[in-house]
Amino acid sequence: MKKKQGVPTRISKRQLEMVIFIALLVLPFAMYLALNRSYDFLALFFLLTMLLVMQMLLVMK
Amino acid sequence: MELSPLLFITALIPILLVLVLMIGFHWGGARAGAAGWTSAILISTLFFGTDLEILVYSQVKGLLLTLYVLYIVWMGLILYMIAQESGAIAQIGRALTRMTENKTLQLLILGWVFSSFLQGIAGYGVPIAIVSPLLIALGFSPVLSVSAVAIGHAWSVNFGSIAASFNAMIGVSGIDGPTLAPWSAILLGITCFITAISVVFIYDKGKSFIRVLPAILFVGSVMVATQYFLAIQGMWNIAAFGAGSLGLIASVIISRLPFYRSRIDHDKQTTVKPTKSEKQDIPFLLAFSPYIILIIIVIIAELIPPVHEILNKVKINIVFPETQTSMGWLNKAGKGQSISVFGHSGALALYASGITYLLFRKKGLLNPKAYRTILSKTVSTGLKSSLGIITMVGMAMIMEQSGMTNTIATGLGSVTGRFFPFFSPFIGVLGSFMTGSNTNSNVVFVPLQKQIAELLNLSIPLILAAQTTGGSIGGMLAPARIIVGCSTAGLTGQEGRVLSTTIKVGLIIATIIGVLTYIFSLVVKNNL
């Protein structure tokens, strides 16, 4: 089957790891800032996002 | 916070899960850490009354600790990649092979003495990140190389990196250094010999033990005596550095003996792996210059007060408020891990990398586009290990902030009763296992150990020495630290294989130290 040219349909494992790495560095600070400004729901949202990111890591082989 | 057997077992689940996944199922650190992190979040919320605020602060504290660790990991990797790309690593390997052909002695000189020397001057992860690749270049298997360094330098952790762990113990316990130093130096001195013997046994199951015993006794005595002398004289900040330096000199002397110059029968025939730069004959001093530069920079930055002061002026600090779980576990208000932007060991490694790069470029050892290869290799090697460290530290911080870690330690204390001195080092091991740091282990568990020692009328300096010795030993089986070694040894994702070796050795050493602490506790009582 001929692949479509131009638009990448998949990202490499290394790119995915990089995205997860950056997310795990950014999310705690985002949670901290949200909590300090009393946006508790936003902090909870970031925590759940972090949980989701961890699950991505868990299923990655 | 009340303790129950169910709570004790529940608190252990994340640790057991990580161990089972890494050792039993050979999962990498990142995946096992993610599983441990998830279980810690669930357990702390369901059973330990942790709310959103504590979870958030625990993750930010964890992130600061992670950044502190990753700073040295990434910068150490860059330095190593520069040395490797230039062919310097292979050259060092060849030179050490010429110094002695005895493979066991080579392993001891690098994995035990040189790594301890590096631990004396640099901080977290430097010995394992730098020495493991050297051993691989000498022909040792990657798993053995990482394991040998993780075990070999464990004894020097407490007084290493300008005695960070020991100073933390002084600060947290409120007991002065001269009171704490003698017992710490004694227990760590004993550990020094045991780590050397362990390195020999994991290499060839002890076949060459008798042959290298004189070398272990000679070099070990020099290092142990130096560390003890410097520590009790109040110079604990340079005790491990001094011990490692004299240990290296002693190693050169012993390797010159005809007895040690030849290969022995069962040594495997190995060669130093060739590199692209094999054809270039690099003088030994130039090949070793990345590490000489690093050592000089560290000495200047740490031991010259005005320089130290200037470099440590800019620090990243975050202050956290007091928090309490619904179970009553209190986290006091205070600063998280402070990161000195220009004075951190990672920054010092970066300066060394910059100077080394310019030097090697000038000498023609690196081509103009070498920086691309160096950065690419650094990213591909460092990325996965960084993910492992983030998840492990995140898990450790949830456990600490929710009172789970304290539950485990208190449970051990109440179950063990008068045999507590035997278990004291295991609590130190637990702290290091969780956080990958003896300093953090001391910060978390020294108050608890001191409290139990007072209750049981035990010698506090002895129990705290057992704690910090356990913390030093614990580094060899801390996943976060093993991940660092595996990343530079090309074993990323196979941390479980190394861990299965180091965990056995670590527990054996902790048991020996536990038995000795118990015996000493029978004759030494609390005199504070």
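Cut-off values and rules
- Residues numbered from 1 in each chain as written.
- Chains lettered and ligands numbered in written order.
- Predicted model: local features only at pLDDT ≥ 70, side-chain atom pairs only at ≥ 80, totals over all residues.
- Heavy atoms only, no water.
- Helix = DSSP H or I, 4+ residues; strand = E, 2+ residues; numbered from the N terminus.
- Rg over C-alpha atoms; globule rule 2.2 N^0.38 Å.
- Buried < 20%, exposed > 50% of the residue type's maximum accessible area, 1.4 Å probe, protein only.
- Contact = heavy atoms within 4.5 Å.
- Areas by Shrake-Rupley, 256 points an atom, 1.4 Å probe, with all protein chains shown as cover.
- Lys, Arg positive; Asp, Glu negative; His and termini not counted.
- Charge placed at Lys NZ, Arg CZ, Asp CG, Glu CD.
- Buried area = accessible area lost by both parts, 1.4 Å probe.
- Salt bridge = Lys/Arg side-chain N within 4 Å of Asp/Glu carboxyl O.
- Polar contact = N/O pair within 3.5 Å; in protein donor to acceptor, adjacent residues only side chain to side chain.
- Nonpolar A, V, L, I, M, F, W, Y, C, P; charged D, E, K, R; others polar.
- Phe/Tyr/Trp six-rings, centres within 6.5 Å; stacked < 30°, edge-to-face > 60°.
- Lys NZ or Arg CZ within 6 Å of the ring centre and 35° of its normal.
- Expected span 1.5 Å × (residues − 1).
- Bend = angle between axes of the 7 residues up to and from the residue.
- Patch = residues over 30% accessible without salt bridge, like charges linked within 9 Å, V, L, I, M, F, W, Y side chains within 5 Å.
- Core = buried A, V, L, I, M, F, W, Y, C linked by side-chain atoms within 4.5 Å.
- Axes fitted to C-alpha atoms, helices over the stretch in contact; angles between N-to-C directions.
- Left-handed = near helix turned anticlockwise from the far one by under 90°.
- pLDDT = per-residue confidence, 0-100.

**Student:** Sorry if this is basic, but what is going on with the overall build of chain B here?
**Tutor:** On a plain count of helices and strands, chain B comes out with 22 helices and six strands. The C-alpha radius of gyration computed for chain B amounts to 22 Å, which stays within 12% of the reference 24 Å derived for 528 residues, consistent with globular compactness. Residues classed as buried in chain B amount to 63% of the 528 residues present. Across chain B, contacts joining residues at least 24 apart in sequence account for 80% of those joining residues at least 6 apart. Only carbon and sulfur atoms are counted for the fraction: they give 67% of the accessible area of chain B, which is about 18600 Å². Taking the average location of the 32 positive side-chain charges in chain B and that of its 17 negative ones, the two points are 11 Å from each other.

**Student:** I would appreciate a short explanation of the overall build of chain A in the present structure.
**Tutor:** Across its full length, chain A carries two helices and zero strands. In the structure as shown, chain A presents an accessible area of about 4600 Å², 69% of it carried by carbon and sulfur atoms.

**Student:** How do you make sense of the interface of chain B and chain A when you look at a structure like this?
**Tutor:** Bring the parts together and some accessible area is lost; that lost area is often taken as the interface size. Counting residues at the interface gives 31 residues for chain B and 26 residues for chain A. Together, the buried faces of chain B and chain A total about 2600 Å²; carbon and sulfur atoms form 82% of this surface. Inspection of the chain B/chain A interface yields zero salt bridges. The tally of links between chain B and chain A comes to four residue pairs in polar contact (both at pLDDT 80 or more). Where the side of chain B that touches chain A is concerned, the elements lending two or more residues are helix H2 (29-47), helix H3 (52-86), strand E2 (319-320) and helix H16 (370-402) of chain B. Ranked by residue count, the leading element in the side of chain B that touches chain A is H3(B), at eleven residues. When the residues that make up the side of chain B that touches chain A are grouped by side-chain class, the tally is 22 nonpolar, six polar and three charged.

**Student:** How do you make sense of the pattern of salt bridges when you look at a structure like this?
**Tutor:** Residues and elements named next belong to chain B. Tallying each qualifying case throughout the model produces one salt bridge over all chains. The salt bridge partner of Glu85 is Lys377, with a shortest N-O separation of 3.2 Å. Taken together, the residues Glu85 in helix H3 and Lys377 in helix H16 connect sequence positions 292 residues apart. Relative accessible area serves as the criterion here: at 13%, Glu85 is assigned to the buried category.

**Student:** I'm lost on the packing of aromatic side chains in this one. Help?
**Tutor:** Aromatic ring pairs are described here by two measures, namely the spacing of the ring centres and the angle between the planes. All names here are of chain B. A complete count under the given rule lists 17 aromatic pairs over all chains for this structure. Here the aromatic rings of Trp183 and Phe520 are separated by 5.0 Å at their centres, their planes lie at 45°, and the arrangement is tilted. With Trp183 in helix H9 (residues 177-204) and Phe520 in helix H22 (residues 495-523), this residue pair connects regions lying 337 residues apart in the sequence. By relative accessible area, Trp183 is classed as buried at 18%. Plain terms: the ring middles of Phe422 and Phe426 are 5.6 Å apart, the flat faces sit at 45° to each other, and that makes the pair tilted. Highlighted residues: Phe422 and Phe426, both in helix H18 (residues 420-435), separated by four residues, approximately one helical turn. Among the aromatic residues, those joined into a ring-pair cluster are Phe114, Phe117, Phe241 and Phe288. Its guanidinium or amino end placed over the ring of Phe320, Lys61 lies 5.1 Å from that ring's centre, counting from NZ or CZ.

**Student:** What exactly am I supposed to notice about unusual backbone geometry here?
**Tutor:** Peptide bonds are mostly trans, and most non-glycine residues show a negative phi. Phi is positive for A:Ser38, which is not a glycine, with a value near 65°. Turning to its location among the elements, A:Ser38 is positioned in the loop between helix H1 (13-36) and helix H2 (40-59). Positive phi is not limited to glycine here, since B:Lys205 has a value of about 60°. Along the chain, B:Lys205 turns up in the loop between H9 and helix H10 (209-232).

**Student:** I tried to follow helix H19 (residues 438-455) of chain B on my own but got confused; where do I start?
**Tutor:** Think of an α-helix as 3.6 residues a turn; residues three or four steps apart then line up on the same face. All names here are of chain B. Over its 18 residues, H19 extends 24 Å from the first C-alpha to the last, a length consistent with the 26 Å expected when each residue adds 1.5 Å. When the local axis directions of H19 are compared, the greatest deviation, roughly 45°, occurs at Phe445, which is followed within four positions by the proline Pro447. Within H19, burial applies to Asn438, Asn440, Ser441, Asn442, Phe445, Val446, Leu448, Gln449, Ile452 and Ala453. Trailing H19 by a residue or two, Asn457 shows a phi angle of about 55°, which is positive.

**Student:** What exactly am I supposed to notice about a nonpolar patch on the surface here?
**Tutor:** Residues and elements named next belong to chain B. A contiguous nonpolar patch, built from Phe218, Leu246, Ile249 and Ile253 and spanning about 350 Å² of accessible area, is present on the exposed surface. No other element matches the three residues that helix H11 (residues 239-255) contributes to the nonpolar patch. Relative to the assigned elements, Ile249 resides in helix H11.

**Student:** Where do I start with the nonpolar core in this structure?
**Tutor:** Soluble globular proteins tend to pack their nonpolar side chains together in the buried interior. Residue and element names in this part refer to chain B. Among the nonpolar cores identified, the biggest contains 203 residues, and Trp112, Phe159, Phe166 and Tyr291 are the most heavily contacted of them. The element that contributes the greatest number of residues to this core is H3, accounting for 21 residues. In this view, Phe166 contacts Asn158, Phe159, Gly177, Leu180, Ala181, Ser184 and Trp236; residues no more than four positions away in its chain are not counted.

**Student:** Looking at this structure, I do not really get the side chain of B:Thr469. What am I missing?
**Tutor:** Residue and element names in this part refer to chain B. On the secondary structure map, Thr469 appears in helix H20 (residues 460-474). We classify Thr469 as buried; its relative accessible area is 0%. With residues near it in sequence (within four places) discarded, Thr469 still touches Ser184, Leu187, Leu188, Thr191 and Ile513.

**Student:** Honestly, the packing of helix H7 (residues 142-152) of chain B against H22(B) in this entry has me stumped. Any pointers?
**Tutor:** Each pair of packed helices can be summarised by the angle the axes make with each other and by the distance between the axes. Residue and element names in this part refer to chain B. Contact geometry of H7 with H22 gives a least axis separation of 9 Å together with a crossing angle of 35°. Every pair of crossing elements has a handedness; the one defined by H7 and H22 is right-handed. Note on element contacts: H22 touches H7 through Arg497, Val498, Thr501, Thr502 and Val505, opposite Val143, Val146, Ser147, Ala150 and Ile151. The class makeup of the residues in the contact of H7 with H22 is six nonpolar, three polar and one charged.

**Student:** How should the environment of B:Gly394 be read in this particular structure?
**Tutor:** Residue and element names in this part refer to chain B. Its place among the elements puts Gly394 in helix H16. Gly394 sits 38 residues away from Thr356 along the chain, and the two C-alpha atoms are 34 Å apart. Excluding its chain neighbours within four sequence positions, the residues that come into contact with Gly394 are Trp37 and Gln59.

**Student:** I'm lost on the confidence of the model for chain B in this one. Help?
**Tutor:** As a general rule, the predicted coordinates of low-pLDDT regions are not to be interpreted in detail. All names here are of chain B. On average, residues of chain B score 86 in pLDDT, and 94% of them reach the 70 mark or higher. Contacts for the low-pLDDT stretch residues 274-279, under 50 throughout, to residues beyond four places or in other chains number eight contacts. Across the predicted assembly, pTM comes out at 0.75 and ipTM at 0.87.

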